[in-house]
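# Geometric and topological summary
Listed here are the chains, written in short residue letters.
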Amino acid sequence: MIGRRGLMAASAAVVAAPNVVSAQGGAARSLRVIPQANLTSVDPVWTTAVVTRNHAFMIYDQICAQDSKGEIQPQMAEGWTVSDDKLAWTFTLREGLAFHDGERVLAKDAVASIRRWARRDPFMQVLIGNVAEVEALDDRRFRFRLHRPVPLLTMALGQTQFPCFVMPERIASTDAFTQIRDTVGSGPFKFVPGEWNPGQRAVWAKNDAYVPRGEVVDGLAGGRRPNIDRIEWTIITDPATSANAMMQGEQDYWEYPLHDLLPLMRRNREMVVQQRLLDGTYGVCRFNTLQPPFNNPAIRRAVAMAVDQRDYLRSVAGNDADGWGVCEGVFTCGTPLANESGSEILKTRNIERAKAALAAAGYNGEKVVLIAPGDYPQINALSMVTADILTRLGMNLELISTDWGTLVQRRASKEPVERGGWSIIHTTSSGQSLALPVYHLFLRANAANAWFGWPDEPEIERLRGEWVQTGDPAESRRIAEQLNAKAMESMYYIPLGFYWQPSAWRRNVTGVFRAPATVFWNIGKG
């Protein structure tokens, strides 16, 4: 991580950094990308890692997708019909869909993919009790039969947070809790497994057989056109080296540049630095609620009393308040459900009061293992602020620095810290993903099926289900306030506010568009 005081040193290092040269392929027909993190899993159902989701957007397609306004549009689907009683939704796949191995995409593939995805998706887990069956009717049509109307069905299928990607039935039949390795999809690019070296590089090749929709691209909807022959991800863990590679033209696109280096790159005439993501990036401090000491909610609340979101946000995005914002609730600020009911605890911002609360909660020196990703500067910066807080509180901290890919694998462990488990991790999410209870990954509290940390809060789950059933805005708001208050009471994760994360690309990169996720279709090189 490069802190604010390290800006001058980082800038000097850019000049002296060694060259990073693409290993293969003609530069003119390859888009050379520095991704936000190392790709260690290729299964977007098994993990929620954004880097895996970005990979999946290249090789898979979706039944429907979100446009730039957040509205759901057909994607693989030609369209759908709803019966008069709202208890049957029939989807028809469009013509010309084929997997990378040449096999046609059939309705049975979509059905198998929906079933696997639904076991892990927080949104669909709320709706699934209303679904009687998902069945293929013929090669192109499949149907949802419902016990009761589900007006949010297409929103679930087309969401960006945890997309429903369509895989061949033979792959989608794999248990949802088992990682797949087969990367055959039907998307605009094909993964090249022989050139995948985790920690170094990953490569995708243009799918010449892909048939895009006819509409113009709009967010994640519209025509997904593969306009480049190869996409090459190069894992560069040092930000100064990344900046140097960008400014020397050895790399074309940097997904998450370090904020300290943005002014330097903006001064380069061959560089474009812009906010490409549609939403702010929200930070999260996540507790493991299964293991001591954070199986005790009073201890979790004590730590939260010491948190000042401004410290976290400055550690990532600097002192420019236009680059970040405090948001002391669980829902995305500026959206209809945003509220601070019960959030007074996050306004305490006092180490001494937190120490007193920690003692009163019965903390007895149990080890706290905080895992920080040294190769992911933004999340590493958040982790370091928490490490400082825990140290000042007098907790028995073990700080483990590792790479992001290892963290993604290790966070799945439910073991005690003495056997390879963990106590605290940090991550980030787009604001769009935290706007509604149904796809708010960190709010979900259904024990073993919840996101890592596995909180068990039946009242949260009851309120989520209640929210799905209401169509009244005032009632929706009332439930959101109850959800916020209950989440603050249990404090199984701490919201850390949001920052704006620009991307950077060379001026000869064409077709870059705003979207809720980093995708590479429709992008070329002049």
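Calculation rules
Residues numbered from 1 in each chain as written. Predicted model: local features only at pLDDT ≥ 70, side-chain atom pairs only at ≥ 80, totals over all residues. Heavy atoms only, no water. Helix = DSSP H or I, 4+ residues; strand = E, 2+ residues; numbered from the N terminus. Rg over C-alpha atoms; globule rule 2.2 N^0.38 Å. Buried < 20%, exposed > 50% of the residue type's maximum accessible area, 1.4 Å probe, protein only. Areas by Shrake-Rupley, 256 points an atom, 1.4 Å probe, with all protein chains shown as cover. Disulfide = S-S within 2.5 Å. Pairing = 2+ DSSP bridges. Axes fitted to C-alpha atoms, helices over the stretch in contact; angles between N-to-C directions. Contact = heavy atoms within 4.5 Å. Phe/Tyr/Trp six-rings, centres within 6.5 Å; stacked < 30°, edge-to-face > 60°. Lys NZ or Arg CZ within 6 Å of the ring centre and 35° of its normal. Salt bridge = Lys/Arg side-chain N within 4 Å of Asp/Glu carboxyl O. Right-handed = clockwise from strand over helix to strand, strands pointing away. Arc of directions from axis to C-beta. Polar contact = N/O pair within 3.5 Å; in protein donor to acceptor, adjacent residues only side chain to side chain. Parallel < 35°, antiparallel > 145°, perpendicular 65-115°, else oblique. Left-handed = near helix turned anticlockwise from the far one by under 90°. Nonpolar A, V, L, I, M, F, W, Y, C, P; charged D, E, K, R; others polar.

The helix and strand tally for the protein stands at 15 helices and 21 strands. Relative to the globule expectation of 24 Å for 526 residues, the C-alpha radius of gyration of the protein, 23 Å, shows essentially globular dimensions. Overall size of the protein, expressed as C-alpha extent along the three principal axes, is 65 × 60 × 40 Å. Looking at the protein as a whole, 62% of its 526 residues are labelled buried. Carbon together with sulfur atoms contributes 49% to the accessible area of the protein, which is approximately 19200 Å² in total.

Here the focus is the state of the cysteines. This structure, assessed with the given rule, holds one disulfide. Between the sulfur atoms of Cys327 and its disulfide mate Cys333 the distance is 2.1 Å. Around the S-S axis, the bridge from Cys327 to Cys333 shows a dihedral of about 105 degrees and counts as right-handed. Cys333 gets classed as partly exposed once you look at its relative accessible area, which sits at 34%. Free of any disulfide, Cys164 has its nearest neighbouring cysteine sulfur in Cys64, separated by 8.1 Å.

A word on the sheet that holds strand β4 (residues 77–82). As summarised here, the arrangement of the four strands in space is β4-β5-β7-β6, forming an open sheet in which the pairing is antiparallel. At either end of the open sheet lies a strand with only one pairing partner, and these are β4 and β6 (131–136). Each strand axis lies, on average, 15 degrees off the axis of its neighbour in the sheet, ignoring direction. Where β6 and strand β7 (residues 141–146) come together, five bridges link them in antiparallel fashion. Considered in β7, the bridge of Val131 is made with Leu146. This element, helix α3 (residues 107–118), spans β5 (88–93), β6 and β7 of the sheet and lies at about 145 degrees to β6.

On to the packing of aromatic side chains, then. One pair of aromatic rings is described through two measures. These are the centre distance and the angle between the planes. Enumeration over the complete set of coordinates arrives at 24 aromatic pairs. Look at Phe57 and Trp521: their rings are 6.0 Å apart centre to centre, the planes differ by 75 degrees, and that puts the pair in the edge-to-face class. One end of the pair, Phe57, is in helix α2 (residues 50–59); the other, Trp521, is in the loop between β20 (509–510) and β21 (524–525), and 464 residues separate them in sequence. Note on Phe57: relative accessible area 0%, which makes it buried. The exposure class assigned to Trp521 is buried, which follows from its relative accessible area of 0%. Note on Phe91 and Phe142: the rings are 5.2 Å apart at their centroids and 5 degrees apart in plane angle, and the pair reads as stacked. Here Phe91, found in strand β5, pairs with Phe142, found in strand β7; they are 51 residues apart in sequence, far enough to count as distant. According to the relative accessible area criterion, Phe91 is buried, its value standing at 0%. Looking at Phe142, the relative accessible area reads 0%, which means it is buried. Ring pairing ties together the aromatic residues Trp422, Phe442, Trp451, Phe452, Trp454, Tyr492 and Tyr493, which thus form one cluster. Sitting above the plane of the Phe513 ring, Arg276 keeps its charged end 5.0 Å from the centroid.

Once that is clear, we can look at the pattern of salt bridges. Under the counting rule described, the total for this entry stands at 38 salt bridges. Taking the shortest distance from any N to any O, the salt bridge between Arg29 and Asp229 comes out at 3.1 Å. Taken as a pair, Arg29 in the loop between α1 (7–16) and β1 (30–34) and Asp229 in the loop between β9 (201–206) and β10 (230–234) lie far apart in primary sequence, 200 residues in all. With its nearest N and O atoms 3.5 Å apart, the salt bridge here joins Lys486 to Glu489.

Further remarks concern the pairing of strand β16 (residues 396–402). Across seven bridges, strand β15 (residues 367–373) lies against β16 in parallel orientation. Its bridge partner lying in β16, Ala372 is registered against Ser401. Read as a crossover between parallel neighbours, the route from β15 over helix α12 (residues 377–392) to β16 is right-handed.

What follows is about helix α11 (residues 351–360). An α-helical turn contains 3.6 residues, so any two residues separated by three or four positions project in the same direction. Looking at α11, one finds that the buried residues are Ile351, Ala354 and Leu358. Seen along its axis, α11 keeps its buried residues to an arc of 60 degrees; they face one direction. Exposed residues pointing more than 90 degrees away from the buried face of α11 are listed as Glu352, Ala359 and Ala360. Buried positions along α11 lie against α9 (297–305) and α12. Of the residues flanking the start of α11, the one acting as N-cap is Asn350, its side-chain oxygen 3.0 Å from the backbone nitrogen of Glu352. Trailing α11 by a residue or two, Gly362 shows a phi angle of about 90 degrees, which is positive.

Right, let's talk about the sheet that holds β1 for a bit. In space, the seven strands of this open sheet follow the order β8-β9-β10-β1-β11-β19-β12, with mixed pairing throughout. Of all strands in the sheet, those with a lone pairing partner are β8 (189–191) and β12 (271–274), marking the two edges. In this structure, strand β11 (residues 253–254) lies alongside strand β19 (residues 503–506), joined through two bridges in antiparallel fashion. Of the residues in β19, the one forming a bridge with Tyr253 is Trp505.

This part takes up unusual backbone geometry. Across the junction of Pro292 and Pro293, the peptide omega takes the value 0 degrees, indicating a cis bond. Along the polypeptide, Pro293 turns up in the loop between β13 (281–287) and α9. In this model, Lys86 sits at a positive phi of 65 degrees, which is unusual for a non-glycine residue. Turning to its location among the elements, Lys86 is positioned in the loop between β4 and β5. Residue Lys86 is classed as partly exposed on the basis of its relative accessible area, which comes to 45%.

Two numbers describe how helix α14 (residues 458–469) lies on helix α15 (residues 473–490): the axes approach to 10 Å, and their chain directions differ by 165 degrees. Comparing the axis directions of α14 and α15 gives the class roughly antiparallel. The interaxial crossing formed by α14 with α15 has left-handed handedness. Taking contact as the criterion, the partners of Glu459, Ile460, Leu463, Arg464, Glu466 and Trp467 in α14 are, on α15, Glu475, Ser476, Arg478, Ile479, Gln482, Leu483, Lys486 and Ala487. Taken together, the residues of the contact of α14 with α15 break down into six nonpolar, two polar and six charged.

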